[in-house]
Amino acid sequence: VKIAGGIIQETRTADEMIQFARKNQTNIFKQHKQAFKEIASNLENDEYAVFTMVANEYSINESPGPWHVAVAITNKRFFVSGETISGRMFTRYDTDCWMLNEIKSIDLENRDIIIENAKDKLKLKGKNLDKFVSKLKNMLRE
């Protein structure tokens, strides 16, 4: 994976992913750290994150989804993870991922980031996400 005009930073742990996300965002909570831990636990031995960020919530194909969302692009896959309710009082973390070559488009729609592949439409919601659209597009080129 190439980063246009920059050096690839390889991150593998939740703390490293949060540190990378903090370069562009300040609204990172303890729930985001747990979501990044979920992503880190799903990495393969030769896989590492090259870009991370957070969002408020995400949905796939318009189904309501998790909140306190962690996003990571690795050298192989695109991950999203976030907090959901399990039962009446318990929370758990859902993680979804797609191979990078499966992603067909990334666009901005009403301040939300829309990422599509052949079967899914992922919508990331949050404040000031519009500044990440071009970064995400650059990360997924090549």
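Summary of the structure given here.

Reading the values: rules and limits
- Residue numbers run consecutively from 1 along every chain, following the written order of its sequence.
- Local features in this predicted model are restricted to residues of pLDDT 70 or higher, and side-chain atom pairs are both shown and tallied only at a pLDDT of 80 or more, whereas totals for entire chains, interfaces and linings draw on every residue.
- The side-chain numbers reported here are obtained from all heavy atoms of the structure, hydrogens and water having been left aside.
- The way it works is that DSSP assigns letters per residue, a run of H or I at least four long becomes a helix, a run of E at least two long becomes a strand, and they are numbered from the N terminus.
- Burial classes follow relative accessibility: with a 1.4 Å probe on protein chains only, a residue under 20% of its type's maximum area counts as buried, one over 50% as exposed, and anything between as partly exposed.
- Contacts: residue pairs with any heavy atoms within 4.5 Å of one another.
- Here, a strand pair is defined by DSSP locating no fewer than two bridges between the strands.

### Examining the side chain of threonine 11
The topology assignment puts threonine 11 in the segment before helix 1 (14-21). Judged by its relative accessible area of 2%, threonine 11 is buried. Setting aside chain neighbours within four positions, we find threonine 11 in contact with Glu16, Met17, Leu43, Tyr48 and Ala49.

### Topic: the pairing of strand 5 (residues 103-109)
Pairing geometry for strand 5 and strand 6 (residues 112-117), over six bridges, is antiparallel. Paired with isoleucine 103 across the two strands is asparagine 117, which belongs to strand 6.

### Structural notes on unusual backbone geometry
Even without being glycine, asparagine 61 reaches a positive phi, approximately 55°. Here asparagine 61 falls in the partly exposed class, since its relative accessible area comes to 40%. One non-glycine residue with positive phi stands out, namely asparagine 110, at about 50°. Within the fold, asparagine 110 resides in the loop between strand 5 and strand 6. The exposure class assigned to asparagine 110 is exposed, which follows from its relative accessible area of 71%.

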